[in-house]
Amino acid sequence: MNVTETLSQGLKREFQVVLNAADLKTRLDDSLQDLQGKAKINGFRPGKVPVAHLRRLYGRSVMSDVLQNAVNEANQKIVADNNLKLAFEPQIRFPENKDEIEAAMEAKGDLAFTVALEVLPKIELVDISDVSLVKPVAEVPDADVDAALLRMASGNRTYSAKGEKAKAETGDRLMISYVGTIDGKAFEGGTGEGIPLDLGSGQFIPGFEEQLEGVKQGETRTIKVTFPENYGAAHLAGQAAEFVVTVTEVQGPDAIKIDDELAKAFGMESLDALKTAVSEQIGRDFGAQSRRKLKKSLLDALDGKYTFELPPTLVDQEFNSVWSQVEADMKQANKTFADEDTTEDAARADYRKIAERRVRLGLVLAEIGEQAKVQISDDEVTQALIERARQFPGQEKQVWEFYRKNPQALAEIRAPIFEEKVVDHLLGQVKVEDQTVSREALYADDEVEAATEAKPKKAAAKKSKKAEDKAEDASA
């Protein structure tokens, strides 16, 4: 096997690999000899099938395996001999001339192919001891606790019948039955009986609830509406429909009560206990937001200290992921770039910068974690996996099995844990000062900050996994 570097440009490398015919023949013969001891063919005793007969039966299949193994060996040799860290799996280009391929398959000719690589940049870590960060901290206001209790009480409030002559108004609850049609034909999902509908809640499609204002118990109305263009069921999107709605009861909301009975409805012994629980939950939310703000400041500081060439494919992949989400969000909101006072080209340029930032920070965090020997325990991964499975009630087992059987998917569980541990490591190296702020200041600019967070996914996530493995090896 002869390997020659043919391109070294930025982070791109190319190598020409030549497998000579004699080497291919030796590999093929060895594989057939190994097969001879295992093959069971009618008419021959085990281990006594002539190699020539095996070559006629399985020659091409065995040679395909030989070539695949040789390619894998060449890739490993290139990476090891040149001390390369790959951003992506090597891309193999075989000769376009079919005669060359056929000759190699018969071990009668050399096989030359090209291995194209994209490598990760070498990152020299910088000193960050001069970095000073401000951690915003907010106290939990009594007003926030009261507002949360009010929302809980409102969601838990009861309703009472208003009587046959009472007209429904916003805030009332109707018990309805309905039959929907499009062009006079009933459609799937268009029929319901004994359905509660809170007027003004917006739980039905636009225009539906408004046409029930003033309805009385026992009254039937024909409602005409049009399904939104972005409606979830594609076969109904944009369709005009009629609903024959019968109101079986009009109920009015009872007074909202924030008392011990409300607390018991939420599993608490008393209202004071519920207030304490609510305050603690809001405090945890504030703490998480404070952490996000501090992390954003840390990443901004890191971003200002590192400049290096980025793997083009990794940036393209990150940009495509970001851009597809942007397009999906705009489609769902039924907006155009003009509505956002920009153009598609300008938006693409902005989001490519975001993609570049994410990749850069992801690689920096991965390198820092590798050098700091940051490790993730099996228990941490298991706990994160349990939390992920809980997000899919009724499908926990399937979710668990999916991640356990898919290393790449499991890497996406590990990557955020690794990242947070690296952030903790870095926060121990910089100056952090607490600053008391209002709730409004704590949550200001959330959209902008979310868009620029580091996300060491894909190749960077793989790099972080390698860093963990090295750390584990070093500590063994």
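Notes on the structure in this doc start here. Quick caveat, the model's predicted, so the values are computed rather than measured.

Points about the packing of helix H1 (residues 21-36) against helix H2 (residues 51-82)
The interhelical angle for the contact between H1 and H2, taken along N-to-C directions, is 120 degrees, at an axis separation of 8 Å. The orientation of H1 relative to H2 falls into the category oblique. As for the relative orientation of H1 and H2, their crossing is right-handed in sense. Of the residues in H2, those in contact with Leu24, Arg27, Leu28, Asp29, Ser31, Leu32, Gln33, Leu35 and Gln36 of H1 are Val51, Leu54, Arg55, Tyr58, Gly59, Val62, Met63, Val66, Leu67, Ala70 and Glu73. Looking at the contact of H1 with H2 residue by residue, the classes come out as twelve nonpolar, four polar and four charged.

A closer look at the side chain of Asn75
Secondary-structure assignment places Asn75 in helix H2. The buried category is assigned to Asn75, whose relative accessible area is 14%. Not counting residues within four places of it along the chain, the set of residues in contact with Asn75 comprises Pro90, Ile92 and Val115.

Here's the deal with the sheet that holds strand E3 (residues 91-93)
Pairing within the open sheet is antiparallel, and its four strands lie in the order E1-E2-E4-E3. A single partner strand is all that each edge strand has here, and the edge strands are strand E1 (2-9) and E3. Adjacent strand axes in the sheet meet at a mean angle of 20 degrees when their direction is disregarded. In this structure, E3 lies alongside strand E4 (residues 111-118), joined through three bridges in antiparallel fashion. Counterpart to Gln91 in the pairing with E4 is Ala116.

A look at the pattern of salt bridges
The final tally for this structure, using the stated rule, is 31 salt bridges. For Arg439, the salt bridge identified is with Asp144, shortest N-O distance 3.0 Å. With Arg439 in helix H12 (residues 439-442) and Asp144 in helix H4 (residues 142-155), the pair connects residues that are 295 residues apart, well separated along the chain. Assessed through its relative accessible area of 35%, Arg439 is described here as partly exposed. Classification of Asp144 as buried rests on a relative accessible area of 18%. One salt bridge connects Glu419 with Lys295, and the closest N-O pair in it is separated by 2.6 Å. Of the two residues, Glu419 sits in helix H11 (residues 407-427) while Lys295 sits in helix H6 (residues 271-305), which places them 124 residues apart along the sequence. For Glu419, a relative accessible area of 6% corresponds to the buried category.

So, the nonpolar core
Core analysis: the biggest nonpolar cluster contains 39 residues, and Leu302, Leu363 and Leu426 have the highest contact counts within it. At the level of secondary structure, the elements contributing two or more residues to this core comprise H6, helix H7 (312-333), helix H8 (344-371), helix H9 (378-390), helix H10 (396-405) and H11. Among the elements that line this core, the one with the most residues is H11, at nine residues. Counting 29 residues, the second largest nonpolar core, distinct from the first, contains Val17, Ile41, Val66 and Val71.

Conventions we followed
Residues numbered from 1 in each chain as written. Predicted model: local features only at pLDDT ≥ 70, side-chain atom pairs only at ≥ 80, totals over all residues. Heavy atoms only, no water. Axes fitted to C-alpha atoms, helices over the stretch in contact; angles between N-to-C directions. Helix = DSSP H or I, 4+ residues; strand = E, 2+ residues; numbered from the N terminus. Parallel < 35°, antiparallel > 145°, perpendicular 65-115°, else oblique. Left-handed = near helix turned anticlockwise from the far one by under 90°. Contact = heavy atoms within 4.5 Å. Nonpolar A, V, L, I, M, F, W, Y, C, P; charged D, E, K, R; others polar. Buried < 20%, exposed > 50% of the residue type's maximum accessible area, 1.4 Å probe, protein only. Pairing = 2+ DSSP bridges. Salt bridge = Lys/Arg side-chain N within 4 Å of Asp/Glu carboxyl O. Core = buried A, V, L, I, M, F, W, Y, C linked by side-chain atoms within 4.5 Å.

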